[in-house]
Amino acid sequence: MTTQIVTVDIGGTHARFAMAQIAADGTITLGEPATLHTKDHASFQTAWEDFAQQQGGTLPDAVAIAVAGPVGGEVIRFTNNPWIIRPALISEKLGATRHTVVNDFGAVGHAVARAAPEHFVHLAGPEAPLPATGTISIVGPGTGLGVAHVWRDGADYRVQATEGGHIDFAPLDSIEDAILARLRQRYRRVSAERVVSGPGLVDIYEALAGMEGRAIQPVDDKTLWSLGTSGEDSLAAAAVDRFCLSLGSFAGDVALAQGASGVVIAGGLGLRIKDTLLRSGFAARFTAKGRFAELMAALPVKLITHPQPGLFGAAAAFAKEHLA
């Protein structure tokens with residue numbers, strides 16, 4: 001029997017909705033996603049009703065929701081939009097008799113566990129599939145820095161979202177010392193997320209400019225990514241390369257801490273700079289762990305390329321909770 005659900009991925013700026021079908025064998029098929037701007041809707045319920053109208057007025061009575069924030073409390077609040085979700089009222093407000101609410105990076109963990117091999121690109125280490133048993137560490141640079149892990153024993157898996165992106169930033173050379181010194185002028189404590197994230201590229205760029213005594217015009221991170229990956233601006237390109245180095249170091253640290261047997265890079269930013277990552281020093285930095293270099297070199301490192309990991313992963317979380 002096929003189960004139909006609505007799957008939703010809610011961030012600060014956008015809420016993505018899609019219909020999903022979960023087959024009896026667990027296969028998940030996503031419909032065409034609809035992206036709504038959170039600022040255009042007074043609440044999640046009104047956005048839900050908008051999507052319902054797009055689907056002809058009615059929706060299935062089952063929903064999976066990935067949210068950009070902590071879950072598990074009586075009230076779910078968002079950092080960058082004013083919506084509030086009360087899980088206890090989902091049935092009443094949405095008419096859903098079954099629901100699953102999962103952290104957005106937890107949803108990415110479910111996507112990593114369930115996505116087909118064709119949704120992964122090899123980045124480093126042995127060109128082998130992700131292991132069927134053991135821990136897979138997941139690192140996702142974007143607006144922030146997500147960290148999770150999946151533990152698999154072959155037939156089953158467990159996902160654990162974490163706040164690992166907020167561990168201390170650890171510089172490895174004099175350039176990263178300079179980046180850290182610059183950030184310390186602004187923050188009492190400098191986490192890895194301050195560097196290994198989309199907005200972190202601005203601080204890397206400005207720190208490199210300061211080292212060379214260059215006068216630069218203020219520029220946003222999206223412009224810098226474009227200038228750096230295209231090669232139009234050599235300083236921006238150096239900043240992007242430095243970002244890739246720091247991402248490699250951080251991903252390696254997470255793998256060591258979690259006892260990983262495989263690593264996945266996720267997040268929209270990772271996908272956007274895929275080709276740059278492959279040409280960068282990411283892999284060398286990932287394995288540069290002193291006495292553990294040989295161990296690190298034996299870990300397969302992949303990039304997940306699924307177009308909607310949040311929606312797919314939320315649906316997978318629903319299947320695991322309600323249909324397993």
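Refer to the structure above for everything that follows.
The structure presented is a predicted model; accordingly, all values stated were derived computationally and were not measured. (Residues numbered from 1 in each chain as written. Predicted model: local features only at pLDDT ≥ 70, side-chain atom pairs only at ≥ 80, totals over all residues. Heavy atoms only, no water.)

Q: Mind laying out the packing of aromatic side chains, listing which residues take part and the relevant values?
A: For the structure shown, the criterion picks out six aromatic pairs. A ring pair is formed by Trp225 and Phe243, whose centres lie 4.9 Å apart and whose planes are at 90 degrees; its orientation type is edge-to-face. With Trp225 in helix H6 (residues 221-230) and Phe243 in helix H7 (residues 234-258), this pair connects stretches of sequence that are 18 residues apart. On the basis of relative accessibility, which here comes to 3%, the residue Trp225 falls in the buried class. The buried category is assigned to Phe243, whose relative accessible area is 0%. In this structure, Arg194 is placed above the aromatic ring of Tyr187, and the distance from its NZ or CZ to the ring centre is 3.7 Å. Looking at Lys320, its charged tip hangs above the ring of Tyr157, at a distance of 4.6 Å from the centre. (Phe/Tyr/Trp six-rings, centres within 6.5 Å; stacked < 30°, edge-to-face > 60°. Helix = DSSP H or I, 4+ residues; strand = E, 2+ residues; numbered from the N terminus. Buried < 20%, exposed > 50% of the residue type's maximum accessible area, 1.4 Å probe, protein only. Lys NZ or Arg CZ within 6 Å of the ring centre and 35° of its normal.)

Q: So what's going on with the sheet that holds strand E9 (residues 120-124)? Residues and values would help.
A: Neighbouring strands of a sheet are bound in pairs by backbone hydrogen bonds; such pairs are parallel or else antiparallel. If you trace the six strands from one edge of the open sheet to the other, you get E9-E14-E13-E10-E11-E12, paired in mixed fashion. Lying at the two open borders of the sheet, with one neighbouring strand each, are E9 and strand E12 (157-162). Shown here is a sheet whose adjacent strand axes are inclined to one another by a mean of 25 degrees, direction ignored. Where strand E10 (residues 133-141) lies against strand E11 (residues 145-153), nine bridges are found, and the strand directions are antiparallel. Among the inter-strand pairings, Thr133 is bridged to a residue of E11, identified as Asp153. (Pairing = 2+ DSSP bridges. Axes fitted to C-alpha atoms, helices over the stretch in contact; angles between N-to-C directions.)

Q: Go over helix H1 (residues 44-54), please, and point to the residues and values.
A: Listing the buried residues of H1 in full gives Phe44, Ala47, Trp48, Phe51 and Ala52. Buried residues of H1, seen end-on, are gathered within an arc of 145 degrees and therefore sit on one face of the element. At its buried positions, H1 is contacted by strand E1 (3-10), strand E2 (14-22), strand E4 (34-37), strand E5 (62-67), strand E7 (84-85) and helix H2 (90-94). If you check the start of H1, you find a side-chain oxygen 3.3 Å away from the backbone N of Gln45, and it comes from Ser43. Looking one or two places after H1, you find Gly56, whose phi comes out positive at around 100 degrees. (Arc of directions from axis to C-beta. Contact = heavy atoms within 4.5 Å. Polar contact = N/O pair within 3.5 Å; in protein donor to acceptor, adjacent residues only side chain to side chain.)

Q: Residue-level account of the pattern of salt bridges, with values.
A: Within the structure shown, the criterion is met by 12 salt bridges. Two residues, Arg285 and Glu176, come together in a salt bridge whose shortest N-O distance is 2.9 Å. Here the residue Arg285 occupies a position in helix H10 (residues 282-287), and Glu176 occupies one in helix H4 (residues 174-184), the gap between them amounting to 109 residues. Glu176 matches Arg285 in its accessibility class, with the two residues each being buried. A salt bridge links Asp203 to Arg186; its shortest N-O distance comes to 2.9 Å. Of this pair, Asp203 sits in helix H5 (residues 200-212) while Arg186 is found in the loop between H4 and H5, placing the two residues 17 residues apart along the sequence. (Salt bridge = Lys/Arg side-chain N within 4 Å of Asp/Glu carboxyl O.)

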